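# Secondary and tertiary structure notes
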Amino acid sequence: MSTMRIAAVAAPFDRDVEGDFARIEKLIAEARTEGVGLLALPEAALGGYLANLDGDAEGPPALDPEGPEIRRLAELAGDLVVTAGYCERDGDRRYNSAVCVTGDGVLGHHRKVHQPLSEDASYGAGDGFAAFDTPVGRLGMMICYDKAFPESARALALDGAQVVVCMSAWPGSRTNPSADLAEDRWKRRFDLFDRARALENQIVWVSANQSGTFGDLRFVASAKIVDPGGEVLADTGVGEGLAIAELDVAAALAGARRAMAHLADRRPAAYAVGG
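All figures in this text were calculated on a predicted structure; none of them were measured in a lab. (Residues numbered from 1 in each chain as written. Predicted model: local features only at pLDDT ≥ 70, side-chain atom pairs only at ≥ 80, totals over all residues. Heavy atoms only, no water.)

## As for the overall build of the chain
Selection criterion: By the criteria applied, helices consist of DSSP H or I runs no shorter than four residues and strands consist of E runs no shorter than two, each listed in order from the N terminus. Between the two quantities, the radius of gyration covers C-alpha atoms and the globule rule is 2.2 Å times the number of residues to the power 0.38. Relative accessibility under 20% of the residue-type maximum defines a buried residue, over 50% an exposed one, and the middle range a partly exposed one, all with a 1.4 Å probe and only protein chains included. In what follows, residue pairs with any heavy atoms lying within 4.5 Å of each other are defined as contacts. Here the accessible surface of atoms and residues is derived via Shrake-Rupley with a 1.4 Å probe, and residues count as covered only by protein chains that are part of the display.
For the chain, the count of helices and strands is 5 helices and 14 strands. Its C-alpha atoms give the chain a radius of gyration of 18 Å, near enough to 19 Å, the size a compact globule of 275 residues would have. A buried classification covers 53% of the 275 residues belonging to the chain. Pairs at least 24 apart in sequence give 67% of the contacts found in the chain among residues at least 6 apart. A total accessible area of about 11700 Å² is found for the chain, and carbon and sulfur atoms account for 49% of it.

What follows is the structure, given as structure tokens:
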């Protein structure tokens, strides 16, 4: 058996990219001290998220995916596998993107496909999901609202992803918010999606999220690691922190799929609309 320590981050990030890097450097150092192999930072860890969901005109700084910031992130990662969200510049287009790096460079990339409310006023949309190989196993990535669609995680699982990292800037409810963030209904949805996506695909689920407040948004944090049975192994709650869990990923998947293998037992022909 080969175990690995996985960490998911709940932390605040903003427009101060140098400050973001200082926080990331500290988190990577803490993860390294804890013996972590895979560290998941939130959506928009480089430059912060939108100030509101009504069409933030300015938005975060747009970064070149082959530029100095991503190279710097890779250098900081060193022997760790690190995922992080950022605003990607591609010509005149901007995308809400995520990157997976080690000291050797970029291992994988994802553009957020599903856009809530007026996010499409600030970003273009991605067009797919693909898993990729890393030193800690085959990974898939998605961003925030992507996890509300079962097809996102299913596409990654069918592409062989053993671990799916979902990076979020998930806020509390816009209407009738709870004074106690732990009781907020959008937090309950965040947690429910995390557990459901892990269980239905029998994969390891790593959920990172922004914490604190930015603009009009109050983030629910709740970074967590979920096993292939849908059980939460570690959770930061609504505060800033690192959720760390140790497990043998291959053994966990094999154990979950031994009796009832959700992917193998699929009947695709039965799912055709109008069929």
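## Some thoughts on the pairing of strand 2 (residues 36-40)
Quick note on the threshold: What makes two strands pair is DSSP finding at least two bridges between them.
Of all 5 residues that make up strand 2, 5 are buried, and the element is covered over most of its length. In this sheet, strand 2 lies alongside strand 1 (residues 4-11) in parallel orientation, the contact comprising 4 bridges. Following the sheet pairing, Arg5 is matched in strand 2 by Val36. Relative to strand 3 (residues 81-90), strand 2 runs parallel, the two sharing 3 bridges. Bridge pairing in strand 3 links Leu39 to Val82.

## Things to note about the environment of Gly108
If you trace the backbone, Gly108 turns up in strand 5 (residues 105-111). Taking the C-alpha atoms as reference points, Gly108 and Pro177, 69 residues apart in sequence, are found 36 Å from one another. What Gly108 contacts, discounting residues up to four positions off in sequence, is Ala98, Val99, Cys100, Phe132 and Met141.

## Some details on the packing of aromatic side chains
The test is simple: Note on ring pairs: Phe, Tyr and Trp rings are taken, using the six-membered ring of Trp, and paired if centres are within 6.5 Å. Classes follow the plane angle, with under 30 degrees stacked, over 60 edge-to-face and the rest tilted. Cation placement over rings: the criterion is NZ of Lys or CZ of Arg within 6 Å of the ring centroid and within 35° of the ring normal.
Scanning the entire structure with this criterion turns up 3 aromatic pairs. The interplanar angle of 65° and the centroid separation of 5.3 Å between the aromatic rings of Trp170 and Phe190 together place this pair among those described as edge-to-face. With a gap of 20 residues between them, Trp170 in the loop between strand 8 (163-168) and helix 4 (185-201) and Phe190 in helix 4 connect regions that are remote in the sequence. The rings of Trp170, Phe190 and Phe193 are connected pair by pair, giving a single aromatic cluster. The positively charged end of Arg23 is found above the aromatic ring belonging to Phe13, 5.7 Å away from the centroid.

## Re the pattern of salt bridges
Note the following rule: Any Lys or Arg side-chain nitrogen found within 4 Å of a carboxyl oxygen on Asp or Glu counts as a salt bridge.
All told, the structure shown has 17 salt bridges when counted by the stated rule. Here Glu119 and Lys112 are joined by a salt bridge, their closest N and O atoms 2.9 Å apart. Each of the two residues, Glu119 as well as Lys112, counts as buried. Here Glu231 and Arg195 are joined by a salt bridge, their closest N and O atoms 3.6 Å apart. Taken together, the residues Glu231 in the loop between strand 12 (224-226) and strand 13 (232-235) and Arg195 in helix 4 connect sequence positions 36 residues apart. For Glu231, a relative accessible area of 44% gives the class partly exposed. Among the residues examined, Arg195 registers a relative accessible area of 38% and is labelled partly exposed.

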